[in-house]
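A structural walkthrough
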Amino acid sequence: MANRADLHSAFKDYQQRFPYEIDTVTQFTNFVQAHSDCFERSLQIGHITGSAWVINRSGTCALFTLHRKLGLWLQLGGHADGNPDVAQVAMREAQEESGLTNLALVEEGIFDLDAHTIPARGSEPAHIHYDVRYLIQATSEEPLSISEESHDLAWFSLEEIKERFQDESILRMAKKWQNG
């Protein structure tokens, strides 16, 4: 079972691989250090989430969900709900949101980090998702199953992502995926 120390170690490894992202790593490190409940969605200022950049078996396409609440095409992911093993969170969310059961981490380390604001909705105030992202691959060809959190699911090639998406974090992940 992973813990906070494991996440801090993963942040250090990520910083070594992506030294130009030191400000983001510092932001995540400081947040986790300052909030013992950082993995709980009840922390209203923000919380750690886990996401999956899911690639197909052949490695030619990435899977996106048309998020029901936000109305945007996004990578799969969600709340840690107390689980400090964020890679496990990302894997769970990928399975729940896609129906895919044959998935594997491509690498143990963090694929990407992104802190972004989630707008207020109903009684829930605006807050920050400190999103820890992992590269995950479908290891077989399976049909997709749209969950209640989504309007649609679709595979997009690198070229389609570059043409269709404008979100900086998605384009950053596409570049990391392309550069392998």
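Residues numbered from 1 in each chain as written. Predicted model: local features only at pLDDT ≥ 70, side-chain atom pairs only at ≥ 80, totals over all residues. Heavy atoms only, no water.

1. Quick word on the side chain of His 79
As a reminder of what qualifies: Put simply, DSSP H or I for four residues or longer makes a helix, DSSP E for two residues or longer makes a strand, and each gets a number counted from the N terminus. Each residue is placed in one exposure class: buried if its accessible area under a 1.4 Å probe, protein chains only, is under 20% of its type's maximum, exposed if it is over 50%, and partly exposed if it falls in between. Here a polar contact is taken to be a pair of N or O atoms separated by no more than 3.5 Å, where protein atoms must pair a possible hydrogen donor with a possible acceptor and residues adjacent in sequence count only if both atoms sit in side chains. The contact criterion used is simple: two residues touch if any of their non-hydrogen atoms lie within 4.5 Å.
Looking at the secondary structure, you find His 79 in strand E4 (residues 76-79). Assessed through its relative accessible area of 19%, His 79 is described here as buried. A polar atom in the side chain of His 79 sits 3.2 Å from the side chain of His 47. A polar contact of 3.4 Å, which involves the side chain of His 79, links it to the side chain of His 129. Every residue in contact with His 79, bar those within four places of it in the chain, is listed here: Arg 41, His 47, Thr 49, Val 89, Arg 92, Glu 93 and His 129.

2. Focus on the layout of surface pockets
What counts here: For each structure, a 1 Å grid was placed over the protein atoms alone; sets of points admitting a 1.4 Å probe that cannot get out are labelled cavities, open sets with protein on both sides within 12 Å along at least five of seven lines are labelled pockets, and lining residues have an atom within 4 Å of a point. Grid points are joined across faces, edges and corners, and a volume is the space filled by probe spheres set on the points. Under the scheme applied, nonpolar residues are Ala, Val, Leu, Ile, Met, Phe, Trp, Tyr, Cys and Pro; charged residues are Asp, Glu, Lys and Arg; polar residues are all the others, including Gly.
There is about 1100 Å³ of room inside the largest pocket. Forming the walls of the largest pocket are 45 residues, and the residues nearest its centre are His 67, Leu 70, Leu 74, Ile 118 and His 129. The set of elements that each furnish at least two residues to the lining of the largest pocket consists of strand E1 (46-55), strand E2 (61-67), strand E3 (73-74), E4, helix H3 (86-98), strand E6 (112-118), strand E7 (127-138) and helix H5 (168-179). Counted by class, the lining of the largest pocket contains eleven nonpolar, 17 polar and 17 charged residues.

3. Some remarks on unusual backbone geometry
Even without being glycine, Asp 81 reaches a positive phi, approximately 50 degrees. Here Asp 81 is to be found in the loop between E4 and H3.

4. Considerations on the environment of Asn 30
Here Asn 30 is to be found in helix H2 (residues 22-34). We classify Asn 30 as partly exposed; its relative accessible area is 44%.

The quantities given are spatial measurements derived from coordinates; they are silent on function.
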